[in-house]
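# Topology and contacts: notes
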Amino acid sequence: MQQLTAKERMKIPRNPMVEQDPNERNKNFLEVNQGYTAQMAQEEAMRCLACPKPSCVEGCPVHIQIKDFILQIAEGDFLGAVHTIKQDNALPAICGRVCPQEEQCEQVCVVGKRGEPVAIGNLERFVADYEREMNKVEIPAVGSSNGKKVAIAGSGPAGLSCAKDLAGMGYDVTVFEALHQLGGVLVYGIPEFRLPKDIVAKEIDGLKQMGVKFVTDTIIGRISTIDELMEEEGFDSVFLGVGAGLPWFLGLPGENLIGVYSANDFLTRVNLMKAYKFPSEDTPVLQVEGKNVAVFGGGNTAMDSVRTALRLGAKNAYIIYRRSEVEMPARVEEVKHAKEEGVQFLLLTNPIQFNGDEEDWLHSVTLQKMELGEPDDSGRRRPIPIKGSEYDLDIDISIIAIGNGSNPLISQTTPDLETSKRGTIVVNEETMETSKKGVFAGGDIVTGGATVILAMGAGRKAAEAMHKYMSDKA
Amino acid sequence: MYKIIEARFLAENVKLFEIEAPKIAKKRKAGQFVIIRIDEHGERIPLTIANSDMEKGTITIIVQSVGKTTTKLNSLEKGESLLDVVGPLGTPSHIEKVGTAVSIGGGVGTAIAFPTAAEMKNQGNYVITINGARTKDLVILEDEMKALSDESYVTTDDGSYGYHGFVTQKLQELIDEGKKLDLVLAIGPIPMMRAVAEVTRPHGIKTIVSLNPVMVDGTGMCGGCRVVVDGKSMFACVDGPEFDAHLVDFKNLMNRNKMYAKQEHDALEQYNHECKLDKKIETLSD
Ligand SMILES: Cc1cc2nc3c(=O)[nH]c(=O)nc-3n(C[C@H](O)[C@H](O)[C@H](O)COP(=O)(O)OP(=O)(O)OC[C@H]3O[C@@H](n4cnc5c(N)ncnc54)[C@H](O)[C@@H]3O)c2cc1C
Ligand SMILES: Cc1cc2nc3c(=O)[nH]c(=O)nc-3n(C[C@H](O)[C@H](O)[C@H](O)COP(=O)(O)OP(=O)(O)OC[C@H]3O[C@@H](n4cnc5c(N)ncnc54)[C@H](O)[C@@H]3O)c2cc1C
Ligand code: SF4
Ligand code: FES
């Protein structure tokens, strides 16, 4: 490898992601980011200073050995790099695409102190794609069967990662999923243009090859309670990775008008049920083409909803958010992409009422301007309404994307499972064990709506502890 | 895959299916439903579990064809399969011994009311059933309802069978006769449920209806099934589908159920057109 000084490395500009043209991509559902070429990846890897105490690793929620894998990329050892990542991250092709790197590894990257940080996410994505596209994905070795059975509820990133580790250790793992399709938010929430469903399907195929059993159409808590799983169906331990699937509404007048969707409803119809292909797919979605669409919220879900609406032909697609852009929880890249694609941002603006006609069809939203006051509990400046600033905006479809609470289905049927006031499942943070013996939980059901990487990490941490629990028990 | 063990029409456009789903058969309680998907392009639609047979491991659903999915479903025969059946969903009916309980079914609502009416009887109530249809040929489950009732009435709008008139008229007569009714369950078209609620309201008779908003997941995840009850938003798939009739905003429900009317109409037209073409091709190749 060419030896460069730190100064020389700092001078190399960050390689931008190859993207579809904004005016093309806002009309199709193909992936926006096209990925690096091998050459681009190696160039980008040259920017890393190989810090003796790499802060990027500290910034990563699961402590991927970032420096090591970047050095491997620089040397052209792409498969070695992906193997390094996989020691800590079970889902690199997915996380490389959806992690908020700008507030994790890349935020603390030393190169970023004086310019743009090393594009760690893009590199992670590159090696994971390289491995998959070259058909070099190795199915992890599976330990000899130890005869113990594990049940996992939910096939999102938490459940999948937990399943992978336990299957590797020789457990007989069954994943139960409520929906007809596997993948959780990765398939019903995050759209194809950001995370191609093939990638998720490949991950799941890998788990099937490891012997993990998947049972769809199965709602734990309804068809089998946790007690029944453990007492009647012979499972030695249970992991709950059921996500945070209970959409919050704004609680405003007119919220039940036709045309007011939750983001989950809208995205599920379009992504999971493929309503954009109606009528060859049977599930409809309201006509978006030529309509004015407002999305309320500032997170990834809001960006996904508004960009989906744009792709379905919305005349005007608005993000309406009560704080300012800096407070938006969405990944910076998604906000940038949304703007490039033509999404209009109405910031410091809050809805106060939905207005409809005689037959309950939404036709406008009454909005109010806000200003920022003192910081609130979340440390972000609190938005305060400006009196007299109300106005009406013509809107045909509103999508509410202000977050999700915890679905109570499991806690209702498991009285001895301790939950917080917010309805999340309470766990020992070291082991992810719940108040119920042998039952572990992780992901959004524990943290409230969070991130894929945290859910993945929690699933793996639980797998470790479940292994210990079952080994001690025997 | 969920195999169809039995399929037969009960009336024009109303078909009964027994479907192999042993776990659901074991678990389900009166008032609960399943969501089915016919094939990989299919919509997820909710259908009440009308009955179950634990020994055979089957559940019974009774389906009225109203649009594309139900029409397609009703063209399936014994031996064929459904791709997805998930359940049991919804909060079970909460039925206790109250005295005299009335079950009112309109059209296919009779099938939806059947399991709860049976539960009324199980709990030791004096059960009156009133089952309405537009005309004689559309009357369903007459014998089954009779068997579980202490008093049973069939009404037809055109007077071709049983009592001539609406179910609400029969209900009003019972009240006028001075019968003390303690509980009324009404399931059918929204205007019928609303009318029943108005008949019982002045008498303070507790009245339950089963609501049928458009659903997707059936687990509380999408919020598309929300209905307004007592001024508050409720998710019918988890908080219901049964609610206190005197508190339901029927107008909003009726309007919301028309949400996809245009798309549904077009889809059905296209489906029927394709079916006709298929038939034509079949006759040509015969
Ligand atoms: C639109 C959208 C965009 C997002 N974008 C990003 C992003 O860019 N980056 C990022 O890091 N995070 C993002 N997130 C958040 C991220 O997707 C979640 O934090 C993550 O998926 C949580 O994983 P999980 O495994 O805990 O749950 P989920 O992914 O929610 O999976 C839970 C699964 O459990 C199933 N289930 C629920 N109840 C039961 C039951 N009783 N029995 C059986 N199965 C059940 C559900 O159907 C679901 O499939 C986004 C979320 C949304 C909604
Ligand atoms: C809890 C519940 C239990 C039900 N039980 C029965 C039953 O036992 N037997 C029966 O025949 N019908 C039942 N229904 C109604 C049945 O689900 C609808 O008739 C069916 O979805 C219509 O689909 P379609 O494609 O044939 O008609 P479409 O042409 O799509 O729609 C016709 C009407 O059905 C309703 N509808 C459409 N899509 C859905 C959907 N995804 N979910 C709910 N409603 C929808 C709408 O109000 C629409 O106006 C029940 C509904 C609910 C909510
Ligand atoms: S902090 Fe930045 S420069 Fe330092 S090792 Fe990590 S990626 Fe390389
Ligand atoms: S059907 Fe989705 S929340 Fe009820």
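Residues numbered from 1 in each chain as written. Chains lettered and ligands numbered in written order. Predicted model: local features only at pLDDT ≥ 70, side-chain atom pairs only at ≥ 80, totals over all residues. Heavy atoms only, no water.

## Digging into the environment of Lys170(B)
The condition is simple: In this text, helices come from DSSP runs of H or I with a minimum length of four residues, and strands from runs of E with a minimum of two, each type numbered from the N-terminal end. In what follows, a contact means two residues having at least one pair of non-hydrogen atoms within 4.5 Å.
Structurally, the position occupied by Lys170(B) is in helix H5 (residues 167-176). Contacts of Lys170(B), omitting those with residues within four sequence positions, involve Ile130(B), Tyr153(B), Thr155(B) and Tyr163(B).

## Focus on the site of ligand 2
Residues and elements named next belong to chain B. Which entries qualify depends on this criterion: A cutoff of 4 Å decides nearness: a residue is near a molecule or strand if any of its heavy atoms lies inside that distance of it. Throughout this description, a polar contact denotes any pair of N or O atoms lying within 3.5 Å of each other; where both atoms belong to protein, one of them has to be capable of donating a hydrogen while the other can accept it, and for residues adjacent in sequence the pair is counted only when both atoms sit in side chains. Only the protein chains shown count as covering a residue, and every accessible area follows the Shrake-Rupley method with a 1.4 Å probe.
Near ligand 2 you find 24 residues, and of these Pro 46, Ile 62, Gln 64, Thr 70 and Met 215 are the closest. Gln 64 is positioned with one of its backbone polar atoms (N or O) 2.8 Å from an oxygen atom of ligand 2. Burial of ligand 2 by the surrounding chains reaches 90%, relative to a free accessible area of 860 Å². Where the shell around ligand 2 is concerned, the elements lending two or more residues are strand E4 (45-48), strand E6 (58-64) and helix H2 (68-73).

## Thoughts on the sheet that holds strand E8 (residues 84-89) of chain B
Residue and element names in this part refer to chain B. What counts is decided by this rule: Here, a strand pair is defined by DSSP locating no fewer than two bridges between the strands. Lines fitted to the C-alpha atoms define the axes, with helices restricted to the stretch that makes contact. Angles between their N-to-C directions range from 0 to 180 degrees.
The three strands are arranged E4-E3-E8 in an open sheet whose pairing can be described as antiparallel. With one partner strand each, in any of the chains shown, E4 and E8 form the two edges of the open sheet. Averaged over neighbouring strand pairs, the angle between their axes works out to 30° when direction is ignored. Two elements, strand E3 (residues 33-37) and E8, share four bridges in a ladder whose sense is antiparallel. When the bridges of E8 are listed, Phe 33 appears paired with Leu 89.

## Considerations on the packing of aromatic side chains
Residues and elements named next belong to chain A. For clarity, the threshold we go by: Pairing of aromatic side chains requires ring centres within 6.5 Å, counting the rings of Phe and Tyr and the six-membered ring of Trp. Pairs whose planes differ by under 30 degrees are stacked, by over 60 edge-to-face, and all others tilted. Residue exposure (1.4 Å probe, protein chains only): buried if accessible area is under 20% of the type maximum, exposed if over 50%, otherwise partly exposed.
Under the defined criterion, the tally for this structure stands at ten aromatic pairs over all chains. Ring centres of Phe 176 and Phe 235 lie 5.9 Å apart, and the angle between their planes is 85°; this geometry places the pair in the edge-to-face category. With Phe 176 in strand E2 (residues 172-176) and Phe 235 in the loop between helix H13 (226-231) and strand E4 (237-240), this residue pair connects regions lying 59 residues apart in the sequence. The same class applies to Phe 176 as to Phe 235, namely buried.

## What to know about the state of the cysteines
Counted only if it meets this: Sulfur atoms of two cysteines make up a disulfide when they are within 2.5 Å.
Under the criterion given, the structure shown has zero disulfides over all chains. No disulfide involves Cys105(A); its sulfur sits 6.3 Å from that of Cys60(A), the nearest cysteine.

## Topic: the nonpolar core
Proteins that are soluble and globular tend to have nonpolar side chains buried together. Our working definition: As used in this record, nonpolar core signifies buried Ala, Val, Leu, Ile, Met, Phe, Trp, Tyr and Cys residues forming a set joined through side-chain atoms within 4.5 Å.
Ile66(A), Phe69(A) and Leu240(A) are the most contacted members of the largest nonpolar core, which has 97 residues in total. Broken down by element, this core gets its largest block of residues, eleven residues, from helix H19 (residues 452-473) of chain A. Judged by nonpolar contacts, the second largest core, of 39 residues, contains Ile175(B), Val184(B), Phe235(B) and Ala245(B).

## Structural notes on the interface of chain B and chain A
Accessible area lost upon the coming together of the parts serves often as the stated size of an interface. Keep this limit in mind: Summed over both partners, the accessible area (1.4 Å probe) lost when two parts come together is defined as the buried area. One side-chain nitrogen of Lys or Arg within 4 Å of one carboxyl oxygen of Asp or Glu is enough to make a salt bridge.
With 49 residues of chain B at the interface, the matching set in chain A holds 47 residues. Counting the surface lost from both chain B and chain A, the interface buries some 3,800 Å², and carbon and sulfur atoms represent 50% of this. Across the contact surface, chain B and chain A share five salt bridges. Across the pair Lys23(B) and Glu233(A) runs a salt bridge, and its minimum N-O distance is 3.5 Å. Summed over the shared surface of chain B and chain A, the result is 25 residue pairs in polar contact (both at pLDDT 80 or more). Breaking the side of chain B that touches chain A down by element, the ones donating at least two residues are helix H1 (22-27), H2, E8, strand E15 (226-229), strand E16 (232-235), helix H7 (236-239), helix H8 (250-256) and helix H9 (261-285) of chain B. Counting residues per element, the side of chain B that touches chain A draws most heavily on E8(B), which supplies six residues.

## Focus on the pattern of salt bridges
All names here are of chain A. Scanning the model with the defined rule gives 47 salt bridges over all chains in all. Residue Glu 31 pairs with Arg 125 through a salt bridge whose shortest N-O separation is 2.8 Å. With Glu 31 in the loop between helix H2 (22-25) and helix H3 (38-45) and Arg 125 in helix H9 (residues 120-133), this pair connects stretches of sequence that are 94 residues apart. Across the pair, Arg 125 and Glu 31 agree in class, each one buried.

## Observations concerning unusual backbone geometry
Going from Gly87(B) to Pro88(B), the amide bond is cis rather than trans, its omega being 0°. Mapping Pro88(B) onto the fold places it in strand E8. Residue Pro241(B) is reached from Gly240(B) by a cis peptide bond, and omega for that bond is 10°. Mapped onto the fold, Pro241(B) is located in the loop between H7 and strand E17 (242-244). With a phi angle near 55°, His63(A) is a residue other than glycine that sits in the positive phi range. Structurally, His63(A) is set in the loop between helix H4 (55-59) and helix H5 (66-74). Here His63(A) falls in the partly exposed class, since its relative accessible area comes to 37%.

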